[in-house]
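Residue-level structure breakdown
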Amino acid sequence: DFFRNAGRTYGGYSNSGYSNGQQNNPFGYTEDLTKYYTILGVSKEATKEEIKKAYRDLVKQHHPDKFANNPTEKEYHENKLKEINEAYEKLIKD
C-alpha cells in the first residue's frame, strides 16, 4: 500500500515534496538568497536581465578552459563556476 500511495496527497501535503513546481513547505521557511546576489555581484533589486548579464560575464571570466595550462588555477575556477551556476539557478527560478 505504501508504494501504491506514493505521490498521492494526504492532509494537504504532497508525498513527493513538490506542488505545482514549488517545494511544499508547511513551515513557511524561505531560503535567504542574499549570498547568491553577492556571488553574482548584483543588488537584491536586480532584474532577471541584470542577473543574466552578470552571470554571463562571470562565466566568461571564470571558465576553466581558459586555465587549462595551470591545474591549480583551473581547479579554483571550476569550483568558482559551480558556485556561480548555483547562484544563477537559485535566483533565476523565482
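Here, every reference points to the structure presented above.
Residues numbered from 1 in each chain as written. Predicted model: local features only at pLDDT ≥ 70, side-chain atom pairs only at ≥ 80, totals over all residues. Heavy atoms only, no water.

**Focus on the nonpolar core**
Among the nonpolar cores identified, the biggest contains 16 residues, and Tyr37, Leu40, Val42, Ile51, Ile84 and Leu91 are the most heavily contacted of them. Breaking this core down by element, the ones donating at least two residues are helix H2 (34-40), helix H3 (48-62) and helix H4 (71-92). (Core = buried A, V, L, I, M, F, W, Y, C linked by side-chain atoms within 4.5 Å. Buried < 20%, exposed > 50% of the residue type's maximum accessible area, 1.4 Å probe, protein only. Helix = DSSP H or I, 4+ residues; strand = E, 2+ residues; numbered from the N terminus.)

**Some points on H3**
With 15 residues, H3 extends 21 Å from end C-alpha to end C-alpha; this agrees with the ideal 21 Å at 1.5 Å per step. Those residues of H3 that sit buried are Ile51, Ala54, Tyr55, Leu58, Val59 and His62. Angularly, the buried residues of H3 cover 135° about the axis, an arc narrow enough to put them on a single face. Away from the buried face of H3 by more than 90 degrees, exposed residues Glu49, Lys53, Arg56 and Lys60 are located. For H3, the elements touching its buried residues are H2 and H4. (Expected span 1.5 Å × (residues − 1). Arc of directions from axis to C-beta. Contact = heavy atoms within 4.5 Å.)

**So, the environment of Ala54**
Positionally, Ala54 belongs in helix H3. Separated by 12 residues in the primary sequence, Ala54 and Val42 have C-alpha atoms spaced 7.2 Å apart. Leave out the neighbours within four places in its chain, and Ala54 touches Leu40 and Val42.

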